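# Fold and geometry: a report
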Amino acid sequence: MPAYDYDLFVIGAGSGGVRASRVAAAHGAKVAICEEYRVGGTCVIRGCVPKKLLVYGAHFAEDLQDAKRFGWDVPDCRFDWPTLRDNVLADVDRLNRAYTDTLNNNKVEIILERATVEGPNAVKLASGKTVTAGKILIATGAWPIIPDVPGAELGITSNEVFHLDALPKRIVIAGGGYIANEFAGIFHEFRSHVTLVNRSDTILRGYDESVRDRLLQISMMKGIEFKFNAPFEKVEKQQDGTLKIFLKGCDPIEADAVLFATGRRPHTEGLGLENAGVEIDANGAIVVDADNKSSCDSIYAVGDVTNRVQLTPVAIREGQAFADTIFGGKPTRVDYGCIPSAVFSHPPIAGVGMTEGQARNKLGSIKVYQSDFRPMKNVLAGRNERALYKMICNAETDVVVGLHMIGPDAPEILQAAAIAVKAGLTKQAWDDTVALHPSMAEELVLLR
Ligand code: NDP
């Protein structure tokens, strides 16, 4: 008789959990994965994937406008939200089935119910059954934080935003991070009036200052309103069903919807981690070592629930490293250096490596190269939107230590450029590469 029901029991079928379970199973482990909502997790079901599809949908507003300058006779166009919403949700269903098929094909048992930890090797399912496993992996992700203010329940989060019955005419977005800026762009392109409200005096803390300033300028020019240093005080429903939002230091704002995009907290509440002595930090994140092991020897955690880097590709790598290390006899650790990231705003931002500020603090002597240009497509379109590429180099070694961009297709360009930054190439190596003309990306090898 085996000592446990499973070699591995995974709680949470998002990016990290799915990768870990299917790789562990491929290594020969007997694996079960449980999920209380839908296989796929935040990224696939209510995050990156449907968001990116909405970004594409939104961008047609500008493309259709620009097309006229390129000779196209564009009739008055009407946007139909239910069509886009339902097509996006249908694609989410397709991906949910694909993820489920992958798990089935790898002989991972899928249990569609909530599970909590009962002990170092025991998990209790919502149906009341207890199962045992040699190793338990927690991959429950993170959950939107909603500020604790009266009327907060009248707002929505990124969980609900993909399911709206109708587009709000006026929307207030709380927060100045990824989700706030991405949805500010999306709703604005769909002709909603957008007010972005942040508690601090900046957007996108952590991104290079010049690049986020440029996004702010462009967003304001487009008509998105910003309120800074304006914490939420309360939200009230008015007699006509609309909302009144009270902010500290500002006049109240009337709106049809409020979207809270004020960060995401590791999803550990009510998981029973105390039953196995699993340590969590002040933010509710599971504390793990470099091999994803918690303070309990048989319990591991990957992805957003550990609050290391809240990005899908990182969770996937952590899940892979866990499975290879524990079940594949191939000890592997994730390298967290030079992780590229992007904000799919309008226009998008992308960055890798140190910002100018970080590099100055860390290296002291740096060189900054910048290209501030109007992409040729924008010139012909009469679109007064400039791109900005910024390269940060170590002045002593000439090594490129950071690259930060805002402009059309910046994430697509940066993914390839990030290889060179990660590889530690010198600026000279970039300069030695012949430009690919005419392109926006050629600016990267022409920086002087
Ligand atoms: P972010 O951490 O990006 O931003 C949170 C924002 O909310 C900040 O502007 C912060 O203000 C503000 N804030 C935080 N707490 C409060 C509070 N209690 N009351 C009021 N304001 C508050 O979070 P998001 O929700 O936008 O996204 C969550 C995570 O999901 C991101 O960190 C990212 O890792 C991931 N994500 C990644 C995407 C991508 O890769 N493109 C897209 C979407 C999400 P302050 O200015 O003071 O910091």
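You'll find the structure just up there.
Notes on the structure in this doc start here. This one's a predicted model, so the numbers in the text were calculated from it and none came from an experiment.

Between helix α1 (residues 15–26) and helix α7 (residues 312–327), whose axes approach to 7 Å, the crossing angle comes to 25°. One element, α1, and the other, α7, form an angle in the roughly parallel class. For the crossing formed where α1 meets α7, the hand is right-handed. Of α7, the residues touching α1 (which contributes S15, G16, R19, A20, V23 and A24) are T312, A315, I316, G319, Q320, F322, A323, D324 and F327.

Rolled over the atoms, a probe as big as a water molecule pinpoints where empty space is left. Taken as a whole, the second largest pocket encloses approximately 660 Å³ of empty space. In terms of lining, the second largest pocket is formed by 32 residues, of which the most central are H59, P348, P408, D409 and M440. When residues of the lining of the second largest pocket are traced back to their parent elements, those giving at least two are α3 (48–67), α9 (376–381) and α10 (410–422). With eight residues, α3 is the single largest residue contributor to the lining of the second largest pocket. Here the residues of the lining of the second largest pocket sort into 13 nonpolar, six polar and 13 charged.

The tally for this structure, following the rule as stated, stands at two cavities of 30 Å³ or more. There is about 70 Å³ of room inside the largest cavity. Considering the residues around the largest cavity, the lining is formed by N181, A184, G185, H188, E189, L215, S219, K222, I224, F226, S345 and H346. Counting only elements with at least two residues in the lining of the largest cavity, the list comes to α5 (178–189) and α6 (209–222).

Now for the site of the ligand. Taken together, 19 residues sit near the ligand, with G176, I179, S200, Q310 and A342 positioned nearest. The side chain of N198 places a nitrogen or oxygen atom 2.9 Å from an oxygen atom of the ligand. For the ligand, an oxygen atom lies 2.9 Å from a polar atom in the side chain of R199. Calculation on the ligand without its partners gives an accessible area of 910 Å², and the protein chains cover 76% of this total. Class assignment of the residues belonging to the shell around the ligand gives a composition of six nonpolar, eight polar and five charged.

Turning next to the packing of α3 against helix α4 (residues 81–105). Their axes nearest at 10 Å, the elements α3 and α4 cross at an angle of 145°. Read as a crossing pair, α3 and α4 show a hand that is right-handed. Counting all contacts with α3, which are made through V49, P50, L53, L54 and G57, the residues of α4 involved are W81, L84, V88, D91, V92 and L95. Grouping the amino acids of the contact of α3 with α4 by side-chain chemistry returns nine nonpolar, one polar and one charged.

A word on the pattern of salt bridges. Opposite charge on two side chains permits pairing when their charged atoms draw close. Under the criterion given, the structure shown has 25 salt bridges. Here D372 ties to R214 by a salt bridge, and the two come within 2.8 Å at their closest N and O atoms. Taken together, the positions of D372 in strand β19 (residues 366–373) and R214 in helix α6 put the pair 158 residues apart, joining distant regions of the chain. Salt bridges here are not isolated pairs; linked through shared partners, they connect E62, D66, K222, R383 and E385.

Thresholds, definitions, all that
- Residues numbered from 1 in each chain as written.
- Predicted model: local features only at pLDDT ≥ 70, side-chain atom pairs only at ≥ 80, totals over all residues.
- Heavy atoms only, no water.
- Axes fitted to C-alpha atoms, helices over the stretch in contact; angles between N-to-C directions.
- Helix = DSSP H or I, 4+ residues; strand = E, 2+ residues; numbered from the N terminus.
- Parallel < 35°, antiparallel > 145°, perpendicular 65-115°, else oblique.
- Left-handed = near helix turned anticlockwise from the far one by under 90°.
- Contact = heavy atoms within 4.5 Å.
- 1 Å grid on protein atoms, 1.4 Å probe; cavity = no way out; pocket = protein on both sides within 12 Å on 5 of 7 lines; lining within 4 Å.
- Points joined across faces, edges and corners; volume = space filled by probe spheres on them.
- Nonpolar A, V, L, I, M, F, W, Y, C, P; charged D, E, K, R; others polar.
- Near = heavy atom within 4 Å.
- Polar contact = N/O pair within 3.5 Å; in protein donor to acceptor, adjacent residues only side chain to side chain.
- Areas by Shrake-Rupley, 256 points an atom, 1.4 Å probe, with all protein chains shown as cover.
- Salt bridge = Lys/Arg side-chain N within 4 Å of Asp/Glu carboxyl O.

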